[in-house]
Amino acid sequence: MTTGATGTAGTAGTTGTTDATSETELLIGGMTCASCAARVEKKLNRMDGVSATVNFATEKAKVTYAHGVQIADLIATVEKTGYTAEEPPPPEPVPEAAPETPEQDPELGALRHRLLVSALLAAPVVLLSMVPALQFDNWQWLALTLAAPVVVWGGAPFHRAAWANARHGAATMDTLVSVGTLAAFGWSLWALFFGDAGVPGLHDEFRFTVSRADGASTIYLEAAAGVVALILLGRYLEARSKRRAGAALKALMELGAKDVAVLRDGREVRVPVASLAVGDRFVVRPGEKIATDGTVVEGVSAVDASMLTGESVPVDVGPGDQVTGATVNAGGRLVVEATRVGANTQLARMAKLVEDAQNGKAEVQRLADRVSAVFVPVVILIALGTFGVWLGVTGDTVAAFTAAVAVLIIACPCALGLATPTALMVGTGRGAQLGILIKGPEVLESTRRVDTVVLDKTGTVTTGRMTLQSVYAADGEDDTEVLRLAGALEQASEHPIAQAIAAGAAERTGQLPEAEDFQNVPGRGVRGRVDGREVAVGRLAENTTDLPEELARAARRAEQEGRTAVVAGWDGRVRGVLAVADAVKETSTEAVRELRALGLTPVLLTGDNRTVAEAVAKTVGIDEVIAEVLPEDKVDVVRRLQHEGRTVAMVGDGVNDAAALATADLGLAMGTGTDAAIEASDLTLVRGDLRVAADAIRLARRTLATIKGNLVWAFGYNVAALPLAAAGLLNPMIAGAAMAFSSVFVVTNSLRLRSFR
């Protein structure tokens with residue numbers, strides 16, 4: 001069994017990339033919109049030797065920096081821009097029960113509290129302003145009393161961010177919200193204290209559009225308070241969506257063991273996996289998960305690594321062999337010495353892949369970021385222009401002011417910044433829950449174009465369990481009796497091939513007798529007494545003496561068909577040959593059918609002989625077979641298909657497929673935990689079920705479609721809404737509701753991916 005190389009050294013959040021550069025991840029605080037992310041990214045990229053990508057949805061910056069640049073310099077640059085930055089804390093195991101309610105998440109709980117208070121205070125203000133029948137004498141002073149804390153305290157995050165940005169000569173979405181709501185509130189204060197709006201008996205009527213009115217008697221308290229409450233609602237829903245998408249990492253990490261029996265002074269002590277250190281020795285009993293990557297120091301067993309390595313059958317391990325965390329001990333007791341723990345294990349690196357994918361940016365998002373970076377200053381100019389044009393054309397200060405505030409409020413590019421990250425987070429998160437790891441956003445474009453899928457046979461199309469295929473008896477012997485006695489002896493062994501023979505024997509002959517004096521003879525097989533006979537079962541290569549000619553022919557035929565031949569006999573004579581093979585998975589036929597339904601042409605690729613390959617292909621419904629290919633020749637096969645004008649996806653299950661996975665237009669690694677295959681592939685399928693490959697392509701295509709739908713909405717919304725606001729066809733509060741709805745729509749549309757099956 002093969003495991004990857006040891007992890008690269010580095011501080012928390014930092015890994016080496018090349019000799020000349022290093023890579024780190026920073027947690028960015030204080031960002032409130034896409035233009036914030038664009039500003040931080042722009043400032044970091046202006047540093048010599050620095051290349052950065054900042055993701056608004058995950059609030060992280062992925063930074064590659066040259067030798068000589070210090071992480072402290074990166075943090076200082078972010079702080080000078082008006083935001084906070086820090087390295088992520090050292091990785092910790094995901095707790096059994098992550099916070100599920102807002103109250104358990106301090107940041108989300110504080111936002112929820114601010115939203116609830118603001119909504120409760122703003123609702124009466126909106127009702128009083130919109131419904132004349134509710135307007136009693138001096139109602140406007142009650143509205144002011146209720147609206148003031150909403151604008152000042154509820155909107156404090158927007159005002160603080162706007163002020164911080166202003167000090168650095170920048171403007172973001174918070175600038176639009178802060179200026180718009182403070183302008184509406186300030187105008188209302190002037191009208192109440194210095195105009196006619198404070199007189200008893202004032203009646204105000206809500207209008208959807210801008211209209212002429214006496215400025216001294218017009219108040220906009222409902223717009224100021226309502227917009228703050230609505231935008232807080234949008235922020236809360238966005239924050240919740242981030243948390244829900246991030247839950248997928250927890251699901252992935254839960255594949256690993258939770259506790260482990262560590263040897264301390266010769267005794268077994270049960271401790272949490274998190275407390276394991278490199279060099280610790282721990283015990284793994286049959287059926288248990290191996291706690292972390294390590295080296296076997298005692299015991300012999302078979303390890304089922306299908307979940308992580310894609311091995312087609314359980315692998316025999318003994319002292320000196322490497323094992324991988326989260327794989328299952330299918331045989332005897334093992335003592336393992338830990339070689340990698342925490343963030344360096346294969347499972348942890350798979351979780352890192354999911355996170356990296358969520359931090360990445362598709363090409364369409366880069367366009368959206370560039371638009372957001374210039375959008376806010378342009379909107380402020382449009383608002384000033386709107387005010388000037390209205391004032392010049394109508395001479396109505398109130399109408400001009402109203403239209404300008406509506407422009408400021410409706411133009412917030414929040415939806416634009418959320419369009420790609422939220423869909424990507426939810427899509428990759430849902431994929432992780434289903435055992436699909438999407439490496440990055442650029443993968444989504446590849447899935448749309450693929451028309452041919454090349455399937456490696458062993459471990460991909462075939463099952464991970466050895467099964468009994470056929471029994472050949474010597475002349476004069478009964479094949480049922482050969483199988484019954486061999487199965488009885490093999491059921492005392494824990495080896496996967498032995499278990500396959502025992503299971504096949506029990507299924508075909510019924511209850512098996514008990515074996516006595518069972519012995520495992522290293523290099524030869526097993527022997528013991530069954531029904532008074534001295535029975536022996538072993539590998540063909542070790543038991544070829546005195547093999548009858550008819551059995552020798554049967555054994556050669558079985559091996560030519562890609563099966564493992566096992567000889568069985570008793571009383572000193574070989575009586576039969578049992579053929580065991582890795583059978584076709586029950587789901588492979590359905591998987592091939594699903595791949596065809598996606599418009600893909602399946603091709604079976606294998607190093608096995610053509611006879612076996614064509615038999616497997618016929619079983620699952622594949623017409624095109626490329627057999628007897630050496631691992632190093634798989635790349636040439638993929639290239640030849642590409643030269644024929646095909647866009648190729650490759651599904652493989654191990655290190656030998658890595659080069660072909662990298663060459664293909666879309667590489668899918670079947671459950672592999674090896675560095676080579678994970679690095680070479682675009683999608684990693686944790687489960688060893690070929691149907692997951694079809695699911696992965698469907699999910700990637702659905703995620704891409706959601707991203708495009710979000711962007712069309714976000715761009716279209718701003719393009720359509722700005723002229724309406726500038727033309728005076730939108731009241732500021734309606735503009736605020738529309739802006740908040742736009743963000744909520746994008747988040748909700750992305751969350752639909754959570755229901756992907």
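Just so we're clear, the structure is a prediction, and the values are computed from it rather than from any experiment. Per chain, the residues get numbers from 1 upward, laid out in the order the sequence is written. Only residues with pLDDT of at least 70 get local features here, since the model is predicted, and only at 80 or more are side-chain atom pairs given and counted; chain-wide, interface and lining totals rely on the full set of residues. Based on all heavy atoms of the structure, the side-chain values leave hydrogens and waters out of the count.

Turning our attention to the overall build of the protein chain. Helix and strand assignments come from DSSP, with helices taken as H or I runs of at least 4 residues and strands as E runs of at least 2, each series counted from the N terminus. The number of helices and strands found in the protein chain is 23 helices and 27 strands. Here the protein chain, with 757 residues, has 53% of them falling under the buried criterion. As displayed, the protein chain offers around 31,200 Å² of accessible surface, 55% of which is attributable to carbon and sulfur atoms. Think of it in three bands: residues with accessible area under 20% of the maximum for their type are buried, residues over 50% are exposed, and the middle band is partly exposed, with areas taken using a 1.4 Å probe on protein chains only. Only the protein chains shown count as cover for residues, and the accessible areas themselves come from Shrake-Rupley with a 1.4 Å probe.

Further remarks concern the sheet that holds strand β26 (residues 666-670). Should DSSP find at least two bridges between two strands, the strands are taken to pair. The 7 strands are arranged β15-β27-β26-β25-β16-β23-β24 in an open sheet whose pairing can be described as mixed. Of all strands in the sheet, those with a lone pairing partner are β15 (436-438) and β24 (624-626), marking the two edges. Taken over all neighbouring pairs, the strand axes of this sheet differ in orientation by 20 degrees on average, direction set aside. In this description, contact between two residues means that some pair of their heavy atoms is separated by no more than 4.5 Å. In this description, a line fitted to the C-alpha atoms serves as the axis of each element, helices being fitted only across the stretch in contact, and the angle between N-to-C directions of two axes falls anywhere from 0 to 180 degrees. Here helix α18 (residues 610-620) sits on the sheet and contacts β23 (601-605) and β24; the angle it forms with β24, its principal contact strand, is near 150 degrees.

Our next topic: the side chain of S301. On the secondary structure map, S301 appears in strand β10 (residues 301-304). With relative accessibility at 6%, the residue S301 sits in the buried group. Of the polar contacts made by the side chain of S301, one reaches the backbone nitrogen of G332; its length is 2.9 Å. Once residues lying within four places of it in the same chain are set aside, the contact partners of S301 are V315, D316, V317, N329, A330, G331, G332 and L334. Contacts described as polar in this section are N or O atom pairs within 3.5 Å, which, within protein, must combine one atom able to donate a hydrogen with one able to accept it, while residues neighboring in sequence count only if both atoms come from side chains.

Moving on: the pattern of salt bridges. Here a salt bridge means any side-chain nitrogen of Lys or Arg lying within 4 Å of a carboxyl oxygen belonging to Asp or Glu. If you walk through the whole model with that rule in mind, you get 22 salt bridges. With a closest N to O distance of 4.0 Å, K60 and E25 form a salt bridge. Taken together, the positions of K60 in strand β4 (residues 60-66) and E25 in strand β2 (residues 21-29) put the pair 35 residues apart, joining distant regions of the chain. Overall, the relative accessible area of 9% leaves E25 in the buried class.

Let us look at the environment of G525. Along the chain, G525 turns up in strand β19 (residues 525-530). Taking the C-alpha atoms as reference points, G525 and A568, 43 residues apart in sequence, are found 9.9 Å from one another. With residues near it in sequence (within four places) discarded, G525 still touches Q519, N520, V537 and G538.

Patch definition: residues above 30% relative accessible area lacking any salt bridge, with like charges linked at up to 9 Å and the nonpolar side chains Val, Leu, Ile, Met, Phe, Trp and Tyr linked at up to 5 Å. On the surface, L127, M130, V131 and L134 cluster together to form a nonpolar patch covering roughly 310 Å² of accessible area. Relative to the helices and strands, M130 is located in helix α3 (residues 106-130). Look at M130 and you get partly exposed, because its relative accessible area is 33%.

A separate point is the confidence of the model for the protein chain. Any segment with low pLDDT has predicted coordinates that should not be analysed in fine detail. As a per-residue measure, pLDDT tells how confident the predictor is, with possible values from 0 to 100. In the predicted model, the protein chain carries a mean pLDDT of 78, and the fraction of residues at 70 or more is 77%. Looking across the protein chain, the model is least confident in strand β1 (residues 14-16), with a mean pLDDT of 45, and most confident in helix α4 (residues 139-154), with 94. Counted against residues more than four places away or in other chains, residues 307-312, with its pLDDT under 50, gives 36 contacts.

The next subject is the packing of α3 against α4. It is the contact of α3 with α4, at a shortest axis distance of 9 Å, that shows an interaxial angle of 150 degrees. Judged by the inter-axis angle, α3 sits roughly antiparallel to α4. Considering the relative orientation of α3 and α4, their crossing is left-handed. Contact residues: H113, R114, V117, S118, L121, A122, P124, V125, L128 and S129 in α3; W139, L142, A143, L146, A147, P149, V150, W153 and G154 in α4. Working definition: roughly parallel below 35 degrees, roughly antiparallel above 145 degrees, roughly perpendicular at 65 to 115 degrees, and oblique for all remaining angles. Less than a right angle of anticlockwise turn of the near helix away from the far helix marks a crossing as left-handed, whereas a clockwise turn marks it as right-handed.

In summary, the pairing rule links any two rings of Phe, Tyr or Trp, Trp by its six-membered ring, whose centres are within 6.5 Å, and it sorts them by plane angle into stacked for under 30 degrees, edge-to-face for over 60 and tilted for everything else. Here the structure, examined in full by the defined rule, presents 4 aromatic pairs. For the pair W187 and W190, a centre-to-centre distance of 6.1 Å together with 55 degrees between the ring planes defines the contact as tilted. Here the residue W187 and the residue W190 both occupy positions in helix α6 (residues 173-194), the gap between them amounting to 3 residues, near one helical turn. Since its relative accessible area comes to 17%, W187 is described here as buried. Accessibility expressed as a relative area gives 41% for W190, which makes it partly exposed.

A few words now on the side chain of Q135. Note that Q135 resides in the loop between α3 and α4. Taking relative accessible area as the criterion, Q135 reaches 6% and is therefore assigned buried.

One non-glycine residue, D531, lies in positive phi territory at about 50 degrees. Among the secondary structure elements, D531 is positioned in the loop between β19 and β20 (533-539). Using a relative accessible area of 49% as the deciding quantity, one classes D531 as partly exposed. You will see that E628, though not glycine, has its phi angle at about 55 degrees, which is positive.

Turning next to the UniProt feature "transmembrane region" (unreviewed entry) in the protein chain. UniProt positions are given in the numbering used here, feature names are shortened, and annotations may be inferred rather than shown by experiment. Summarizing the sequence annotation, UniProt attributes the feature "transmembrane region" (unreviewed entry) to residues 115-135, 141-163, 175-195, 215-234, 371-393, 399-420, 711-727 and 733-751 in the numbering used throughout. Along residues 115-135, the helical share is 76% and the strand share 0%, with 26 Å between the first and last C-alpha atoms.

Here we take up the nonpolar core. In summary, soluble globular proteins display a tendency toward joint burial of nonpolar side chains. Formed by 50 residues in total, the largest nonpolar core has its most connected members in I436, L455, V651, L666, L668, L683 and L685. With 10 residues, the top contributor of residues to this core is helix α22 (residues 691-726). Both domains that meet at this core, namely domain 2 (108-243 + 360-422 + 708-755) and domain 4 (436-461 + 585-686), each give it at least three residues. L666 has contacts with V443, S446, T447, V450, V648, A649, M650, D682, L683 and I697, leaving out every residue within four places of it along the chain. Among the nonpolar cores identified, the runner-up in size contains 37 residues, and V151, V177, L221 and V398 belong to it. In this text, buried Ala, Val, Leu, Ile, Met, Phe, Trp, Tyr and Cys residues form a nonpolar core when linked through side-chain atoms within 4.5 Å. Domains are outlined according to an automatic or database domain assignment.

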